[in-house]
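This is what each chain is made of:
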Amino acid sequence: MKVEQNIQRLQYLLSLYKMTIQDLLSIISDGLAKPITEEEITADEVKLSHLKRIDKIFNKGLHFYLDPKAPEQNKEASIFFRKTNFNVDLNLGAKRIVNQFEEFKISLSGIAKLADLKLERQIPVYSSKQDPKEIAATIRKLLYPKFCPVPKDFLKAFIGKLAEYNILVCEFVETWNKKDKANIDGFFLNPNVIVLKRQQISFRREIFTLAHELGHYLLNEEEVEQLDIQNMASDTLSVVERWCNDFAYYFLAGEYDGVIKNLGMATGNNDYHHSDIDIISANTHLSKIALFTRLLYQKQISSNNYNQIKSDFDEQFRLRVEEEKNRRELDKQDGIVQRGSTPKPINSPLLISTIQTAFYEGVINEYDVCKTLNIKPDKLDQF
């Protein structure tokens, strides 16, 4: 069966994802004895089966390709039209996630306008020429939540605090068996959206990513990136990335920055300050490796000692993962049913309040509320 397509729409997606026809053909022909040809997908009429294969990549719905209206390649539509270079070579999974949230941002903005909600920026734009430590001290008074020792709870409180100033934070969750996992940890979309990858086994890493992306928001510099904590000490970082890393550190460290600076040189004679690092990490939610990386950046530990400590942390992490894997395997052999479920993204209070108002104003219906907030209909009354 063939259907009439609007080839301009496919060309739009290829431009958006920075893909060539040959890239697309390679993906959609995977597993086929006879590869799909360019002529078969660029003709006015295309096989429905081919269109379905194409849409498995872009997830737009078949109606998208049939719409006779030509899409506009404007900067408002996507960060991929506003920015050409990113801090990581984005894979297909990452591009899908970014595009998903770009569309979500545009949709939510439209809903807010229809509901007569004003979500303007409440915090001024800063410059990378300004001292990140001073800015962190100022912003900390506004956006640092009441401290709680449980990292996940602190993350929720942090997200809630940002919501008070019209900064929307969203999470995306990737299942363990997802084929094309995004090679990013977070990104900032102008004017007010920060997106984080759920770090189920390391909420401290997610907290640092949020503080880093908050830095991008403060500078009003969009970015999509994969954050490597060890890169905090790199001399090759751009001015903006260095500023955002420094801001994130000072924002989370607070008064403990002085404690860290007063530790002195980390050597075997003082057990590399492990006990102090444990205390500081527990009271700031900066991970231990992030703190040791800061010591390296401040020349308070040698490169050799730092690399040894990092190797020890990596081995401890590997053993924990292996132990958990073995435990699950033993439970399976013993007939114990695994009841684990995919974690749900944390919903920002700003998202919830926006959707609530839009519902009360008749802009959206109950189905839209449940879909947007990822809740079941019987949970609707709770919101």
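Now for a description of the structure that goes with this document.

## A closer look at the overall build of the protein
For step 1, the next point in the chain: Within the protein one finds 17 helices and six strands.
For step 2, the next point in the chain: In terms of overall size, the protein behaves like a compact globule, its C-alpha atoms giving a radius of gyration of 24 Å where 383 residues would be expected to give roughly 21 Å.
For step 3, the next point in the chain: Reported as C-alpha extents along the three principal axes, the dimensions of the protein are approximately 75 × 50 × 50 Å.
For step 4, the next point in the chain: A total of 383 residues make up the protein; the buried ones form 45% of that total.
For step 5, the next point in the chain: Considering only intrachain contacts with a sequence separation of at least 6, the fraction spanning at least 24 residues in the protein is 68%.
For step 6, the next point in the chain: Carbon and sulfur atoms make up 49% of the accessible area of the protein, which amounts to about 20600 Å² in all.

## Some remarks on the side chain of Asn 99
For step 1, the next point in the chain: Relative to the elements of secondary structure, Asn 99 occurs in helix 7 (residues 92-114).
For step 2, the next point in the chain: Contacts of Asn 99, omitting those with residues within four sequence positions, involve Leu 16, Tyr 17 and Lys 60.

## Here's the deal with unusual backbone geometry
For step 1, the next point in the chain: The omega torsion of the bond from Asn 190 to Pro 191 falls at 10°, within 30 degrees of zero and hence cis.
For step 2, the next point in the chain: Mapped onto the elements of the fold, Pro 191 is located in the loop between strand 4 (186-189) and strand 5 (193-197).
For step 3, the next point in the chain: For Tyr 272, which is not glycine, the phi torsion reads 55° and is therefore positive.
For step 4, the next point in the chain: Along the chain, Tyr 272 turns up in the loop between helix 12 (256-261) and helix 13 (274-284).
For step 5, the next point in the chain: The class for Tyr 272 is partly exposed, based on a relative accessible area of 23%.
For step 6, the next point in the chain: Here His 273, not a glycine, exhibits a phi torsion of approximately 60°, which is positive.
For step 7, the next point in the chain: When you line up the elements, His 273 lands in the loop between helix 12 and helix 13.

## Details of a nonpolar patch on the surface
For step 1, the next point in the chain: Together, Ile 201, Phe 317 and Val 321 give the surface a local cluster of nonpolar side chains, amounting to about 290 Å² of exposed area.
For step 2, the next point in the chain: Inspection of the secondary structure assignment puts Ile 201 in the loop between strand 5 and helix 10 (203-219).
For step 3, the next point in the chain: Residue classification places Ile 201 among the exposed positions, given a relative accessible area of 65%.

## Some details on helix 8 (residues 132-143)
For step 1, the next point in the chain: What helix 8 keeps buried is the set Pro 132, Ile 135, Ala 136, Ile 139 and Leu 143. For helix 8, the arc enclosing every buried residue in end-on projection is 100°, short of the 170-degree limit, so these residues lie on one face. Pointing more than 90 degrees away from the buried face of helix 8 are the exposed residues Glu 134 and Lys 141.
For step 2, the next point in the chain: Where helix 8 is buried, its residues contact helix 9 (151-163), helix 10 and helix 11 (239-253).

## Looking at helix 7
For step 1, the next point in the chain: For helix 7, built from 23 residues, the straight-helix expectation of 33 Å at 1.5 Å per residue is met to within 8% by its first-to-last C-alpha distance of 33 Å.
For step 2, the next point in the chain: Of the residues trailing helix 7, Asp 116 is marked for its positive phi of about 60°.

## Re the packing of helix 2 (residues 21-28) against helix 4 (residues 48-58)
For step 1, the next point in the chain: In contact at an axis separation of 10 Å, helix 2 and helix 4 are set at 105° when each is read in the N-to-C sense. For the element pair helix 2 / helix 4, the angle class is roughly perpendicular. Residues Leu 24, Ile 27 and Ile 28 of helix 2 pack against Arg 53, Ile 54, Ile 57 and Phe 58 of helix 4.
For step 2, the next point in the chain: Residue composition of the contact of helix 2 with helix 4, by class: six nonpolar, no polar and one charged.

## Points about the pattern of salt bridges
For step 1, the next point in the chain: For the structure shown, the criterion picks out 20 salt bridges.
For step 2, the next point in the chain: A salt bridge links Glu 174 to Lys 197, with the shortest nitrogen-to-oxygen separation between them at 3.5 Å. Taken together, the positions of Glu 174 in the loop between strand 3 (168-172) and strand 4 and Lys 197 in strand 5 put the pair 23 residues apart, joining distant regions of the chain.
For step 3, the next point in the chain: On the basis of relative accessible area, Glu 174 is assigned to the buried category, the value being 15%.
For step 4, the next point in the chain: The closest approach of N and O atoms between Asp 246 and Arg 242, which form a salt bridge, is 3.8 Å. Here Arg 242 and Asp 246 lie together in helix 11, a separation of four residues that amounts to about one turn.
For step 5, the next point in the chain: Overall, Asp 246 belongs to the buried group, its relative accessible area being 9%.
For step 6, the next point in the chain: Here Arg 242 falls in the buried class, since its relative accessible area comes to 15%.
For step 7, the next point in the chain: One salt-bridge network, held together by shared partners, links Arg 82, Glu 102, Lys 105 and Glu 222.

## Considering the nonpolar core
For step 1, the next point in the chain: Counting residues in each nonpolar core, the largest one holds 59 residues, and the members touching the most others are Ile 139, Leu 214 and Phe 251.
For step 2, the next point in the chain: If you tally residues by element for this core, the top one is helix 11, at ten residues.
For step 3, the next point in the chain: Other than its neighbours up to four places away in sequence, Phe 251 contacts Ala 136, Ile 139, Arg 140, Leu 143, Tyr 144, Phe 158, Ala 211 and Leu 214.
For step 4, the next point in the chain: With 58 residues, the next largest nonpolar core counts Met 19, Ile 54, Cys 170 and Ile 355 among its residues.

## Brief notes about the pairing of strand 5
For step 1, the next point in the chain: Counting buried residues in strand 5 gives five out of five residues, a clear majority hidden from the surface.
For step 2, the next point in the chain: Side-chain alternation along strand 5 places Val 193, Val 195 and Lys 197 on one buried face and Ile 194 and Leu 196 on a second face that is also buried.
For step 3, the next point in the chain: Bridge analysis of strand 3 against strand 5 gives five bridges, and the strand direction is parallel. From the neighbouring strand, Glu 171 faces strand 5, where its bridge partner is Leu 196.
For step 4, the next point in the chain: Adjacent in sequence and paired antiparallel, strand 4 and strand 5 are bridged by three residues.

Parameters and conventions
- Residues numbered from 1 in each chain as written.
- Predicted model: local features only at pLDDT ≥ 70, side-chain atom pairs only at ≥ 80, totals over all residues.
- Heavy atoms only, no water.
- Helix = DSSP H or I, 4+ residues; strand = E, 2+ residues; numbered from the N terminus.
- Rg over C-alpha atoms; globule rule 2.2 N^0.38 Å.
- Buried < 20%, exposed > 50% of the residue type's maximum accessible area, 1.4 Å probe, protein only.
- Contact = heavy atoms within 4.5 Å.
- Areas by Shrake-Rupley, 256 points an atom, 1.4 Å probe, with all protein chains shown as cover.
- Patch = residues over 30% accessible without salt bridge, like charges linked within 9 Å, V, L, I, M, F, W, Y side chains within 5 Å.
- Salt bridge = Lys/Arg side-chain N within 4 Å of Asp/Glu carboxyl O.
- Arc of directions from axis to C-beta.
- Expected span 1.5 Å × (residues − 1).
- Axes fitted to C-alpha atoms, helices over the stretch in contact; angles between N-to-C directions.
- Parallel < 35°, antiparallel > 145°, perpendicular 65-115°, else oblique.
- Nonpolar A, V, L, I, M, F, W, Y, C, P; charged D, E, K, R; others polar.
- Core = buried A, V, L, I, M, F, W, Y, C linked by side-chain atoms within 4.5 Å.
- Pairing = 2+ DSSP bridges.

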